Amino acid sequence: KMGNKILAMIRDPKRIMYSLGYHGFFRYWSAEKYLKMLYHLKTSEHLDLENPLGFNEKMQWLKLYYRNADYVQMADKYAVRQIIRERVGEKYLIPIYGVFANSNEIDIEKLPNSFVAKTTHDSGGVFVCKDKHTIDVAKELAVLDKRLRINYEWYGREWYYGQFEPKIIVEKYLTDESGWELKDYKIFCFNGEPKLIEVDYNRFVDHKLNVYDLDWNYIDFYMTSRNDSSVEIKRPENLDVMLEIARKLAADTPFMRVDLYSIKDKIYCGELTMCPGSGFVDFQPREWDRKLGDMLVLPENNKKGM
C-alpha cells in the first residue's frame, strides 16, 4: 500500500504538495501565501483576495480575515452540542455514549452492539459499527487514533481547528425510514438564511448527492460527489422545522452549513460546517461556484495580522 502511494505521488507531483501540507511542512508560511499556492494547485486559478467572486474564493477570504469567537466551539463536534442545546434544544442532539482522548480509554464491553465513533475535528473519518461481535472493534477504533493526529489548521488554514484538542466521540447508531442508511440533509445558509439543501445518500455504497431549493425543486449541479436525477428523494414532512433550526444555528454568520438528519418525526443535528471542503469544492458545472459566491455577502474585514 505504501509503495502504491509513493508511486501515485511520483505520477502526480501535486499530491506531494498536499501531503506536505497535511504534515505541516508549510506551517511557517503566512496563511495568505500558503493558501494562494494551495488554491492554484487545486483549481489552476489565481486566488483573488481583493475581489473574491466565487464561493471557493470567498471561503479562503473568510479563513484568512474573518474571526468569530463561536467558531472554535462550533468546529468541535462535542463542544458544539452545547450551542445546539442552547439555541434549538436538547431534543435535537444525537445521544452519545461518551467522549474519549483516544481509543485506549474506550471500554468496548460497555458499548451497545451498534454505535458510531468519530473524531471531534475530522471530516469523513467515521467508524460505523452495526454489530460489534462480527468485527474487530479495537482495530477499527485504533484507526481513529491516527486521524486524531490530522491537523486541519496546518492543511487548510482553518484556524479554529488549532484551538481545541480533538477527541473521539461515540454516538448512537441511527438509520432513517430505509432501515439501512441515514440520509444527510445539509442546509446551506448564507448570511443566516437557508438557500439550498444538499441531500447525501448511499454514503457507504455509492455516495451521491442531490441538491434542492427551499421549495424542493431539484437543481442539476453537484459538489464533489455525483448527483442522480433519476433518484427521487421526497421532501421531508418536517422540512420547515429543519429550516428554522438551520436559521437559529447559522445566525450571525456569513456562511454556515447545518447538517441534519430526519427520522420519522424526529430531527437530529449532526454538525456545523463553516468551510465545506476547506473552500476547494469541485462544482460541476463550474458556474455554480460563482452562483453560490453571489449568494454570500462578505462581512467587513476584521483581519488580525493573519
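Predicted model, so just to flag it, every value in this text is computed and none were measured.

A. Inspection of the packing of aromatic side chains at higher detail. Scanning the model with the defined rule gives 23 aromatic pairs in all. With 5.3 Å between their ring centres and 65° between their planes, Phe190 and Phe255 make a pair best called edge-to-face. In this pair, Phe190 is assigned in strand E5 (residues 184-190) and Phe255 in strand E10 (residues 255-263), connecting sequence segments 65 residues apart. With respect to class, Phe190 is no different from Phe255; both count as buried. Centroid distance Tyr212 to Tyr218: 6.0 Å. Interplanar angle 70°. Geometry classified as edge-to-face. The rings of Phe55, Phe188, Phe190, Phe221, Phe255, Phe283 and Trp288 are connected pair by pair, giving a single aromatic cluster. Stacked on the ring of Trp29, the Lys or Arg Lys33 has its end atom at 4.3 Å from the ring centre.

B. Representation of helix H3 (residues 31-43) in the model. With 13 residues, H3 ought to run about 18 Å at 1.5 Å a step, and its terminal C-alpha atoms sit 18 Å apart, in line with that. Turning to H3, its buried residues number three or more, namely Ala31, Tyr34, Leu35, Met37, Leu38, Tyr39, Leu41 and Thr43. Among the structural elements, helix H2 (13-22), helix H4 (55-65) and helix H8 (152-156) are those in contact with the buried residues of H3. Immediately downstream of H3, the backbone of Ser44 shows phi near 65°, a positive value.

C. Quick peek at the pattern of salt bridges. Throughout the structure, instances matching the rule amount to 15 salt bridges. Residues Arg147 and Asp122 are paired through a salt bridge, measuring 2.1 Å at the closest nitrogen-oxygen approach. With Arg147 in helix H7 (residues 137-148) and Asp122 in the loop between strand E2 (115-119) and strand E3 (126-129), the pair connects residues that are 25 residues apart, well separated along the chain. A relative accessible area of 26% means that Arg147 is categorised as partly exposed. A salt bridge links Lys208 to Asp228, with the nearest nitrogen and oxygen atoms 3.3 Å apart. Residue Lys208 is found in strand E7 (residues 208-212), and its partner Asp228 is found in the loop between strand E9 (222-223) and helix H9 (239-250); the two are separated by 20 residues along the sequence.

D. Representation of the packing of H3 against H4 in the model. Here H3 crosses H4 at 160°, and the two axes come no closer than 10 Å. For the element pair H3 / H4, the angle class is roughly antiparallel. Considering the relative orientation of H3 and H4, their crossing is right-handed. Residues Ala31, Glu32, Leu35 and Tyr39 of H3 form the contact with H4, whose participating residues are Asn56, Glu57, Gln60, Lys63, Leu64 and Tyr65.

E. Highlighting the sheet that holds strand E11 (residues 266-273). Within the open sheet, the six strands sit side by side as E8-E7-E6-E5-E10-E11. Their pairing is antiparallel. On the outer flanks of this sheet lie strand E8 (218-219) and E11, each paired with one strand and no other. Note that E5 and E10 share six bridges and pair antiparallel. Residue Cys189 lies in a different strand from E10, and its bridge partner there is Met256. Packing of H9 onto the sheet brings it into contact with E5, strand E6 (193-201), E10 and E11, and relative to E10 it is tilted by some 145°.

Calculation rules
- Residues numbered from 1 in each chain as written.
- Predicted model: local features only at pLDDT ≥ 70, side-chain atom pairs only at ≥ 80, totals over all residues.
- Heavy atoms only, no water.
- Phe/Tyr/Trp six-rings, centres within 6.5 Å; stacked < 30°, edge-to-face > 60°.
- Helix = DSSP H or I, 4+ residues; strand = E, 2+ residues; numbered from the N terminus.
- Buried < 20%, exposed > 50% of the residue type's maximum accessible area, 1.4 Å probe, protein only.
- Lys NZ or Arg CZ within 6 Å of the ring centre and 35° of its normal.
- Expected span 1.5 Å × (residues − 1).
- Contact = heavy atoms within 4.5 Å.
- Salt bridge = Lys/Arg side-chain N within 4 Å of Asp/Glu carboxyl O.
- Axes fitted to C-alpha atoms, helices over the stretch in contact; angles between N-to-C directions.
- Parallel < 35°, antiparallel > 145°, perpendicular 65-115°, else oblique.
- Left-handed = near helix turned anticlockwise from the far one by under 90°.
- Pairing = 2+ DSSP bridges.

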